[in-house]
Amino acid sequence: MPSLEVQQAIQPELVSSESYIESAAPVQTTVEPVAIGIDWWSLAAFAYLIGIMVVLVKIAQDILMLRKKISTGERHDDTLGNSVIVLNEDIGPFSWMHYIVLSKHDWECDHSSILVHEKAHIRFRHSVELLFVDILSALQWFNPTVWMLRTDLQELHEYEADDAVLRSGVNARQYQTLLISSDFNGDYVNVIDTDNWRDFKSHKAKLNDFIERRLTTPRADDFYMPFEGNKHKGTLILMPYRKDTWRDNAAPGQETFKKVILSIAQFEKVYVGIHPSIFKKVAPMFDNQNNVEVFQVKYNDSWARDNMPLFVLNNKGDMRSVDFRFNAWGGEFDGLYNNYKDDDKLSSVIAKKFKVPNYYLNDFVLEGGSIHCDGEGTCIVTEACLLSPGRNPTMDKSDIEEELKIHLNVEKVIWLPHGIFEDETNEHVDNMACFVKPGVIALAWTNDKNDPQYHYSNEAYKLLSKVTDAKGRKFEIIKIKVPQPIYMSKKEAKSIQVGKYNAKSRVEGTRLAASYINFYQGEKFVILPAFGVPEDNLAFKQMQKLYPEKEIIQLNTKEILLGGGNVHCITMQIPYNEEFTKKYEN
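Now for a look at the structure at hand. Sequence order as written defines residue numbering, which begins from 1 separately in each chain. Side-chain atom pairs in this predicted model are given and counted only at pLDDT of 80 or more, local residue features only at pLDDT of at least 70, and totals for whole chains, interfaces and linings cover all residues. Processing note: side-chain calculations cover all non-hydrogen atoms of the structure and skip hydrogens and water entirely.

### As for the pattern of salt bridges
Part 1 of the reasoning: A pair is scored as a salt bridge if a Lys or Arg side-chain nitrogen falls within 4 Å of a carboxyl oxygen belonging to Asp or Glu. Considering all chains together, one arrives at 18 salt bridges under this definition.
Part 2 of the reasoning: One salt bridge in this structure joins Glu402 and Arg219, with 3.0 Å as the shortest N-O distance. Of this pair, Glu402 sits in helix α13 (residues 397-408) while Arg219 sits in the loop between α6 (200-213) and β7 (232-238), placing them 183 residues apart in sequence.
Part 3 of the reasoning: With relative accessibility at 34%, the residue Glu402 sits in the partly exposed group.
Part 4 of the reasoning: When the shortest N-O distance is used, the salt bridge between Lys353 and Glu293 registers 3.7 Å. Placement of Lys353 in helix α11 (residues 341-353) and of Glu293 in strand β9 (residues 292-296) is noted, with a sequence separation of 60 residues between them.
Part 5 of the reasoning: The network of salt bridges with shared partners includes Arg247, Asp248 and Glu559. By definition, any uninterrupted DSSP run of H or I lasting at least four residues is a helix, any uninterrupted run of E lasting at least two residues is a strand, and each is numbered from the N terminus. Categorising residues by exposure relies on relative accessible area from a 1.4 Å probe, with only protein chains included: less than 20% of the type maximum marks a residue as buried, more than 50% marks it as exposed, and the intermediate range marks it as partly exposed.

As structure tokens, this is what we get:
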């Protein structure tokens with residue numbers, strides 16, 4: 001039975017007003033501290049929730065931070081097939097969360113070994129060991145097998161930073177008592193706990209498959225650009241259609257392209273891309289033609305050498321593509337047209353069509369015609385082109401050279417000062433000099449000292465005479481005479497329309513960048529330009545001497561010259577790869 005005081009506190013209406021007044025003061029004295037206590041604990045609970053929110057926000061920030069920084073890491077393979085990444089920066093105390101996110105989302109595989117900068121390990125060990133164990137226990141419910149950072153709270157001081165390793169966890173609270181051996185060789189850590197990793201074989205298979213398919217850079221993955229004169233799987237060509245580049249609605253250009261295509265098709269397959277706007281009209285040109293496959297694709301102009309991907313191989317015979325950015329030879333600064341979005345996307349489209357893994361470069365502009373590689377570590381370029389302000393204006397010569405070494409996997413880059421005089425591509429090297437074979441270079445030449453081209457060619461000759469290639473060989477230099485200057489006629493200029501995309505004006509009297517160096521070669525053939533001039537015959541004889549084992553096919557390609565290039569500019573080789581051939585044909 002409650003006392004009178006308690007009854008009064010609970011049911012004051014049952015007692016007299018006099019009794020209630022008399023007992024009011026004691027009740028206030030008793031209740032007041034209780035109210036204060038409730039407020040205090042509510043405040044503490046609120047602060048605790050705020051603390052948890054701060055921790056969660058920090059975790060989210062660290063996850064986002066790592067996802068941004070992960071591309072800066074160096075990747076290695078350990079002896080058991082794990083993929084290891086070394087980050088160059090301290091990524092904060094919540095490193096464990098990053099490991100889980102990275103392996104589940106970024107790498108598309110279940111498990112990955114990760115070794116982080118030692119500061120991250122040290123900071124982690126001294127900051128959140130207990131929080132790590134508690135939260136990871138909860139995560140076990142979502143992901144029974146996760147990667148965990150090795151830590152031993154009792155003997156923390158005995159471990160060096162390099163001993164911090166990752167492994168497949170079984171139970172977070174049991175983890176501290178498990179003994180794990182590490183295989184540390186100076187570059188990475190290798191830890192496999194096969195006793196507790198029940199699905200080790202299946203996960204190892206997944207890891208090996210991922211390592212085979214993952215993309216870092218061609219140099220890091222040991223892929224290189226092979227020599228053009230080796231065996232091809234085929235050749236890519238795009239049919240012309242622009243009325244503001246090609247005369248008479250591109251009809252003469254299409255006929256010339258067809259001659260090039262059918263000449264190459266005698267030796268290897270030709271994949272002919274045709275723009276949707278002309279597909280119904282042009283595709284029938286290749287009906288019943290052997291070794292020619294047409295496909296419909298969007299592009300802005302037909303210079304396959306420059307808007308197609310570069311294909312690279314490794315020593316196992318695997319093939320990948322490199323997707324540089326394309327801005328129509330100079331973008332807003334001095335580009336040749338301003339609608340080049342489809343050209344810029346084309347490399348990735350082609351990579352998907354042929355099911356080739358693609359290295360995508362987000363912000364480095366490069367055209368295939370601006371480089372020549374010998375397949376043995378040497379690349380030649382021109383300063384006039386690669387250092388032009390319209391391509392990579394924030395990069396200097398050494399920056400650009402390093403990009404070439406990384407993405408073409410070459411050891412030496414030789415910079416010629418200039419290309420062909422008045423070449424609208426800012427003097428692409430493929431019009432000026434090329435590898436006949438490793439160690440032998442064909443160089444555009446003129447004996448006319450009054451021609452500006454003489455100065456350009458003489459500079460290049462002197463430089464090439466002094467340098468060696470990546471193998472230390474002195475170059476054999478073959479001078480190939482260019483024709484006497486050729487100019488666009490009034491009739492030719494008049495038949496080119498003015499378009500709405502600010503394409504380069506092609507006017508009467510424009511000097512054309514004619515050169516026999518702009519030929520295309522495969523394992524058994526050479527497609528050589530001709531311009532209807534006396535020098536054509538001399539060039540043909542020189543090529544026969546240079547390539548006695550290959551068939552020389554010389555075609556009048558002046559229509560391509562009027563558009564701004566020549567045979568090499570409209571072709572892109574797909575190097576031969578047995579695995580790719582089987583995969584694509586199936």
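### A word on the environment of Pro284
Part 1 of the reasoning: Inspection of the secondary structure puts Pro284 in the loop between α8 (279-282) and β9.
Part 2 of the reasoning: When the C-alpha atoms of Pro284 and Val294 are compared, they prove to be 9.5 Å apart, with 10 residues separating the residues in sequence.

### Looking at the environment of Thr382
Part 1 of the reasoning: Relative to the elements of secondary structure, Thr382 occurs in strand β14 (residues 378-382).
Part 2 of the reasoning: Given the relative accessible area of 0%, Thr382 is considered buried.
Part 3 of the reasoning: Between the alpha carbons of Thr382 and His428 there is a distance of 6.7 Å; along the sequence they are 46 residues apart.
Part 4 of the reasoning: A contact between two residues is defined here by any heavy atoms of the two lying within 4.5 Å. Sequence-distant contacts of Thr382, that is, excluding residues within four places in its chain, are made with Trp415, Leu416, His418, Gly419, Asn426, Glu427, His428 and Val429.
Part 5 of the reasoning: Polar contact is defined as a pair of N or O atoms within 3.5 Å, subject to the rule that within protein one atom must be able to donate a hydrogen and the other to accept it, and that residues adjacent in sequence are counted only when both atoms are side-chain atoms. Reaching out from Thr382, the side chain makes a polar contact with the backbone nitrogen of Cys385 at a distance of 3.4 Å.

### A word on the sheet that holds strand β16 (residues 433-437)
Part 1 of the reasoning: Strands were regarded as paired on the criterion that DSSP finds at least two bridges between them. Pairing in this open sheet of three strands is mixed, and the strands run β16-β17-β18 from one edge to the other. Every interior strand has two partners, whereas the edge strands, β16 and β18 (476-481), have only one. Looking at each pair of strands side by side, their axes are set apart by 35° on average, direction ignored.
Part 2 of the reasoning: With four bridges joining them, β16 and strand β17 (residues 440-445) adopt antiparallel strand pairing. The residue of β17 that forms the bridge with Phe435 is Ile441.
Part 3 of the reasoning: Each of β17 and β18 is contacted by helix α14 (residues 452-466), which is oriented at about 160° to β17, the strand it contacts most.
Part 4 of the reasoning: Helix axes are fitted only over the stretch in contact, all axes being lines through C-alpha atoms; the angle between N-to-C directions runs from 0 to 180 degrees. Sheet strands touched by helix α16 (residues 535-546): β16 and β18. Its angle to β18, the strand with the most contacts, is close to 155°.

### What to know about the nonpolar core
One recurring pattern in soluble globular proteins is that nonpolar side chains are buried together.
Part 1 of the reasoning: By size, the foremost hydrophobic cluster in this structure holds 74 residues, and its most contacted members are Leu236, Met239, Ile371, Leu404 and Leu408.
Part 2 of the reasoning: Nonpolar core, defined: a set of buried Ala, Val, Leu, Ile, Met, Phe, Trp, Tyr and Cys residues in which side-chain atoms within 4.5 Å join the residues together. Counting 46 residues, the second largest nonpolar core, distinct from the first, contains Ile414, Val429, Tyr454 and Ile478.

### A few points about the sheet that holds strand β10 (residues 310-313)
Part 1 of the reasoning: Read from one edge of the open sheet, three strands run β10-β11-β12, paired in mixed fashion. Sheet topology places β10 and β12 (358-365) at the edges, where each strand pairs with a single neighbour. For this sheet the average axis-to-axis angle between neighbouring strands, irrespective of direction, equals 30°.
Part 2 of the reasoning: The pairing of strand β11 (residues 319-325) with β12 spans four bridges and is classified as parallel. By the bridge assignment, Asp323 is partnered in β12 with Tyr360.
Part 3 of the reasoning: The strands that α11 touches are β10, β11 and β12; relative to β11, the one it contacts most, it runs at about 165°.
Part 4 of the reasoning: Set on the sheet, α13 makes contact with β10, β11 and β12; between it and β12 the angle comes to about 170°.

### Description of the pairing of β17
Part 1 of the reasoning: Among the six residues that make up β17, six are buried, leaving the element largely enclosed by the rest of the structure.
Part 2 of the reasoning: Residues Val440, Ala442 and Ala444 of β17 are buried on one face, and the alternating residues Ile441, Leu443 and Trp445, pointing to the opposite face, are buried as well.
Part 3 of the reasoning: Here β16 folds back onto β17, and the loop between the two strands holds two residues, one of which, Gly439, carries a positive phi near 95°.
Part 4 of the reasoning: Where β17 and β18 come together, six bridges link them in parallel fashion. From the neighbouring strand, Ala442 faces β18, where its bridge partner is Ile478.
Part 5 of the reasoning: A crossover gets the label right-handed when its path from the first strand over the helix to the second runs clockwise, viewed with the strands pointing away from the viewer. As for the winding sense of the linkage, the β-α-β connection from β17 through α14 to β18 is right-handed.

### Topic: the side chain of Asn358
Part 1 of the reasoning: Within the secondary structure layout, Asn358 lies in strand β12.
Part 2 of the reasoning: There is a polar contact of 2.6 Å between the side chain of Asn358 and the side chain of Ser321.
Part 3 of the reasoning: The contacts of Asn358, once residues within four sequence positions are left out, are Leu215, Ser321, Val322, Asp323, Ser348 and Ala351.

### Some details on the packing of aromatic side chains
Part 1 of the reasoning: A pair of Phe, Tyr and Trp rings is counted when the ring centres sit within 6.5 Å of each other, with Trp represented by its six-membered ring. The angle between the planes then sorts it: under 30 degrees is stacked, over 60 is edge-to-face, the rest tilted. Within this structure, the stated rule accounts for 15 aromatic pairs.
Part 2 of the reasoning: Each member of the aromatic cluster is reached from another via a ring pair, and the members are Trp246, Phe257 and Trp303.
Part 3 of the reasoning: We count a charge as sitting over a ring when the NZ of a lysine or the CZ of an arginine lies within 6 Å of the ring centre and within 35 degrees of the ring normal. The aromatic ring of Phe295 is capped on one face by Lys353, whose charged end is 4.6 Å from the ring centroid.

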